[in-house]
Amino acid sequence: MRIHVNHATTYTYDPPANGAIQILRLTPRNHDGQYVVSWRIDVSESCRLQAHQDAFGNLTHTFAVDGPISELRVLVEGEVETQDTAGVIRGISERFPPSLYMRETDLTAPNAVLREFALDAVGSDPDRLAKLHTLMDSIGAAMTYDPDPTHASTSAIEAFELKRGVCQDYAHIFIACARHIGIPARYVSGYLVGDGATAAQGAGHQAGHGWAEAHIEGLGWVGFDATNQMCPIETYVRVAVGLDYLNAAPVRGNRYGGGDENLSVALSVDQSSRQIQG
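Every chain's residues receive numbers from 1 upward, in the order its sequence appears when written. With the structure being a predicted model, the display of local features is reserved for residues of pLDDT at least 70 and the display and counting of side-chain atom pairs for 80 or more, all residues being used for whole-chain, interface and lining totals. For side-chain calculations, the full set of non-hydrogen atoms in the structure is used, while hydrogens and water are omitted.

Draft legend 1. Inspection of the overall build of the protein at higher detail. Note on conventions: DSSP H or I runs of at least 4 residues are helices, E runs of at least 2 residues are strands, and numbering of each starts at the N terminus. Across its full length, the protein holds seven helices and 13 strands. The C-alpha radius of gyration of the protein comes to 19 Å, within 12% of the 19 Å expected for a compact globule of 278 residues. Contacts between residues were defined by any pair of non-hydrogen atoms, one from each residue, lying within 4.5 Å. A fraction of 76% describes how many contacts in the protein between residues 6 or more apart in sequence connect residues 24 or more apart. When the accessible area of the protein is evaluated, it comes to approximately 12,300 Å², of which 47% is carbon and sulfur surface. A positive count includes Lys and Arg, and a negative count includes Asp and Glu. His and the chain ends are not counted in either. In plain terms, the charge of a residue is placed at NZ if it is Lys, CZ if Arg, CG if Asp and CD if Glu. Each charge class in the protein was averaged separately, 20 positive and 33 negative side chains, and the resulting centres sit 6 Å apart. Atoms considered for the radius of gyration are the C-alpha atoms alone. The globule rule reads 2.2 Å times the number of residues to the power 0.38. In this description, accessible areas are obtained by the Shrake-Rupley approach with a 1.4 Å probe, and a residue is regarded as covered only by the protein chains that are shown.

Here it is as structure tokens:
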């Protein structure tokens, strides 16, 4: 499938900000089942985008702009060709051993309730892949998609107490539970065509999509999307990974001075018209 992504993030400041620094993890990498045909990032203010790879190997761009800034706009546009690999990730040079992704963070640390839920969900099945599928389905059944009660700093514990949240929360809960049962797991940020099954659930992801990957000996990293209760297929574009959302956040940064900040996001992720016409 050829996927076209158009992702515009706009910040407005009133009164204007004195300056801003941004870190962008908005560029996908090539790997088996994913090939970046074209990709560009434009920033409304005059600045230099500095490209590098972060500690996790994500393609990252940073920039700094001086004020006064009343509006700052970041536009990402590109096309990616994808194939269904049943969620299995191959063809990427990993910087860390899987054991690093057993490390708890503030957003993914489990409490007694999550630990009990994880053990009850997977039971005594010795098959790790089967355990992870069962865990994914159990989280999907236990949670209700609701964008209102959670935010970027909501932890897995807090979201599970509410039994409500967004894709980020589902992924954090999955990661917390997988690590508790001894399986390395990590967060993935990216895009999903038409928001896939979530569109039918009324669960659109205005700023992209998030899911998890778990490592299975002999198979490697495998994606699990608890929000949709499925492994990623050709409708997914994989962009960045990390221990939790904060490591893989599409946009992070700071502004200096100014008054109220308002954020708006316009995102379309669709099958490319070139492919449809062809």
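Draft legend 2. Just the nonpolar core, in detail. We call a set of buried residues a nonpolar core when its members are Ala, Val, Leu, Ile, Met, Phe, Trp, Tyr or Cys and they connect through side-chain atoms within 4.5 Å of each other. Working definition: with a 1.4 Å probe on protein chains only, accessible area under 20% of the residue-type maximum means buried, over 50% means exposed, and in between means partly exposed. Core analysis: the biggest nonpolar cluster contains 64 residues, and Leu 135, Ile 139, Ile 173 and Phe 174 have the highest contact counts within it. Beyond its immediate stretch of four places on either side in the chain, Leu 135 contacts Phe 117, Ala 121, Val 122, Phe 174, Cys 177 and Ala 178. Within the second largest apolar cluster, 12 residues are counted, among which are Phe 56, Val 188, Trp 221 and Leu 243.

Draft legend 3. Layout of helix H2 (residues 128–142). For H2, spanning 15 residues, the distance from its first C-alpha to its last is 21 Å, which sits close to the expected 21 Å at 1.5 Å a residue. Looking at H2, one finds that the buried residues are Lys 131, Leu 132, Leu 135, Met 136, Ile 139 and Gly 140. Structurally, H2 contributes buried residues whose contacts are with helix H1 (112–122), helix H4 (167–180), strand E9 (209–216) and strand E10 (220–224). What qualifies as a polar contact is a pair of N or O atoms within 3.5 Å, subject to a donor-acceptor requirement within protein and to the restriction that residues adjacent in sequence count only when both atoms come from side chains. Where H2 begins, the capping side chain belongs to Asp 127, and its oxygen is found 2.9 Å from the backbone nitrogen of Leu 129. The span you would expect from a helix comes to 1.5 Å times its residue count less one.

Draft legend 4. Structural detail: the packing of aromatic side chains. Here is the rule: rings of Phe, Tyr and Trp (six-membered ring for Trp) pair when centre to centre is within 6.5 Å. Planes less than 30 degrees apart are stacked, more than 60 are edge-to-face, and the remainder are tilted. Enumeration according to the criterion identifies nine aromatic pairs in this entry. An angle of 40° between the planes, with centres 6.2 Å apart, marks the rings of Phe 56 and Tyr 101 as tilted. On the criterion of sequence distance, the pair formed by Phe 56 in the loop between strand E3 (50–53) and strand E4 (59–82) and Tyr 101 in the loop between strand E5 (88–89) and H1 is long-range, its members being 45 residues apart. With respect to burial, Phe 56 and Tyr 101 carry one shared label: buried. Taken together, the aromatic side chains of Phe 56, Phe 96, Tyr 101 and Trp 221 make up a single cluster linked through ring pairs. In this structure, Arg 186 packs its charged tip against the face of Tyr 101, placed 5.2 Å from the ring centre. Positioned above the aromatic ring of Trp 221, the side-chain terminus of Arg 186 is 3.8 Å from the ring centre. In our convention, an over-ring charge means Lys NZ or Arg CZ found within 6 Å of a ring centre and within 35 degrees of that ring's normal.

Draft legend 5. Here's a closer look at the pairing of strand E8 (residues 185–192). Most of E8 is tucked away: eight of the eight residues are buried. Alignment of E8 against strand E11 (residues 236–242), held across six bridges, turns out to be antiparallel. Residue Tyr 191 lies in a different strand from E11, and its bridge partner there is Val 237. We call two strands paired when DSSP finds no fewer than two bridges between them.

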